[in-house]
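# Remarks on the overall topology
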Amino acid sequence: GAGVSQSPSNKVTEKGKDVELRCDPISGHTALYWYRQSLGQGLEFLIYFQGNSAPDKSGLPSDRFSAERTGGSVSTLTIQRTQQEDSAVYLCASSLALRGGYTFGSGTRLTVV
Amino acid sequence: RKEVEQDPGPFNVPEGATVAFNCTYSNSASQSFFWYRQDCRKEPKLLMSVYSSGNEDGRFTAQLNRASQYISLLIRDSKLSDSATYLCVVNRPSGTYKYIFGTGTRLKVLA
């Protein structure tokens, strides 16, 4: 596609439920990143995928968080047993080259009530 | 010391002014540097890369000072539309291309 597409754009969920966030990167981009941004805060790195290499999961805050990237394209971020502190905007970004700047999607605003 | 550090601001400047932001980074082995712009409740957008030799794009100039481990962004002839938060981005080296974002510097250009 023309840009990085994320869905849903907004998600309200009850505490304890599981949620799945989707990211469709720019076609051909080999690197894909997930960040989250809490209100008024900076971007927190979560995970990144590069081609067929093992993902760097070092930023995932707990074992409730997991992510997959199927076929080197679409990625899903899953949060199990959501907590209120998980409320944030989850941003996905992709890039063509490891050292290049990357393009962000418009994010998924997650609210856990 | 934080990996990437920025003055949060806000920097309030009149239209037409020149304003500069600095961003310091802690890891001397970092190799890739960028400035992003983020408007309120929007995703960050790449503003410019920062090269060793410095680079200029219209009213915007970015520079890298490796000795003192900081990058800078200079905006000349500020416009109202420049009001945004400017994020400094640095890669965490040692075999990974994890990019670390600063918390941003907020700029308000006043009429």
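The structure under discussion appears in the preceding block.
Described in the following lines is the structure provided in the data block. Every value quoted in this text rests on a predicted model; they were computed, and no experiment measured them.

## Quick notes on the nonpolar core
- With 24 residues, the main nonpolar core has B:Phe21, B:Trp35, B:Ile71, B:Leu73, B:Ile75, B:Tyr86 and B:Leu107 as its most contacted residues.
- Listed by contribution, the elements that provide at least two residues to this core are β3 (19-25), β4 (33-38), β7 (60-65), β8 (70-75), β9 (84-92) and β11 (105-110) of chain B.
- Leave out the neighbours within four places in its chain, and B:Ile75 touches B:Ala17, B:Thr18, B:Val19, B:Phe21, B:Arg59, B:Phe60, B:Asp82, B:Tyr86 and B:Leu107.
- Of all hydrophobic cores here, the second largest spans 20 residues; its members include A:Val19, A:Leu32, A:Ala88 and A:Val112.

## Considering the sheet that holds β8(B)
Residues and elements named next belong to chain B.
- Within the open sheet, the 5 strands sit side by side as β1-β3-β8-β7-β6. Their pairing is antiparallel. Unpaired on one side and paired on the other, β1 (4-6) and β6 (55-57) mark the two borders of the sheet. Strand-to-strand twist of the sheet, defined as the mean angle between neighbouring strand axes without regard to direction, takes the value 20°.
- As judged from the 3 bridges shared by β6 and β7, these two strands associate in the antiparallel manner. Within the sheet, the bridge partner assigned to Glu 56 lies in β7 and is Thr 61.

## Some thoughts on the side chain of B:Ser78
Residue and element names in this part refer to chain B.
- Within the secondary structure, Ser 78 sits in the loop between β8 and β9.
- Taking the relative accessible area as the measure of exposure, Ser 78 reaches 1% and is therefore buried.
- Side-chain polar atoms of Ser 78 contact the backbone oxygen of Ala 17, separated by 2.7 Å.
- Leaving out residues up to four positions away in the same chain, Ser 78 has contacts with Val 13, Pro 14, Glu 15, Gly 16, Ala 17, Val 19, Arg 59 and Val 109.

## Examining the packing of aromatic side chains
- Tallied over the full model, the rule gives 20 aromatic pairs over all chains.
- Summarising the aromatic geometry, the rings of A:Tyr35 and B:Phe101 are spaced 5.0 Å apart at their centres and angled 75° between planes, so their arrangement reads as edge-to-face. Of this pair, A:Tyr35 sits in strand β4 (residues 31-37) while B:Phe101 sits in strand β10 (residues 98-101), on two different chains. When sorted by exposure, A:Tyr35 lands in the same class as B:Phe101, which is buried.
- For the pair A:Tyr102 and B:Tyr36, a centre-to-centre distance of 6.0 Å together with 45° between the ring planes defines the contact as tilted. Here A:Tyr102, found in the loop between β8 (88-95) and β9 (103-104), pairs with B:Tyr36, found in strand β4, and the two come from separate chains. Take A:Tyr102 and B:Tyr36: they sit in the same class, and that class is buried.
- Three or more aromatic residues joined by ring pairs form one cluster here, namely A:Tyr33, A:Tyr35, A:Phe45, A:Tyr48, A:Tyr102, A:Phe104, B:Phe34, B:Tyr36, B:Tyr99 and B:Phe101.

## Observations concerning the sheet that holds strand β3 (residues 19-24) of chain A
Residues and elements named next belong to chain A.
- If you walk across this open sheet you meet the 4 strands as β1-β3-β7-β6, and the pairing is antiparallel. The open sheet has two edge strands, β1 (5-7) and β6 (65-69), and neither has a second partner. Taking the axes of each pair of neighbouring strands and ignoring which way they run, one obtains an average angle of 15° across the sheet.
- As paired elements, β1 and β3 share 3 bridges and run antiparallel to each other. Its bridge partner being in β3, Ser 5 is matched across the sheet by Asp 24.

## Structural notes on the environment of A:Gly101
- Summarising the element assignment, A:Gly101 is placed in the loop between β8 and β9.
- You can call A:Gly101 partly exposed: its relative accessible area is 25%.
- Sequence-distant contacts of A:Gly101, that is, excluding residues within four places in its chain, are made with A:Ser95, B:Phe34, B:Tyr36 and B:Leu46.

Conventions used here
Residues numbered from 1 in each chain as written. Chains lettered and ligands numbered in written order. Predicted model: local features only at pLDDT ≥ 70, side-chain atom pairs only at ≥ 80, totals over all residues. Heavy atoms only, no water. Core = buried A, V, L, I, M, F, W, Y, C linked by side-chain atoms within 4.5 Å. Buried < 20%, exposed > 50% of the residue type's maximum accessible area, 1.4 Å probe, protein only. Helix = DSSP H or I, 4+ residues; strand = E, 2+ residues; numbered from the N terminus. Contact = heavy atoms within 4.5 Å. Pairing = 2+ DSSP bridges. Axes fitted to C-alpha atoms, helices over the stretch in contact; angles between N-to-C directions. Polar contact = N/O pair within 3.5 Å; in protein donor to acceptor, adjacent residues only side chain to side chain. Phe/Tyr/Trp six-rings, centres within 6.5 Å; stacked < 30°, edge-to-face > 60°.

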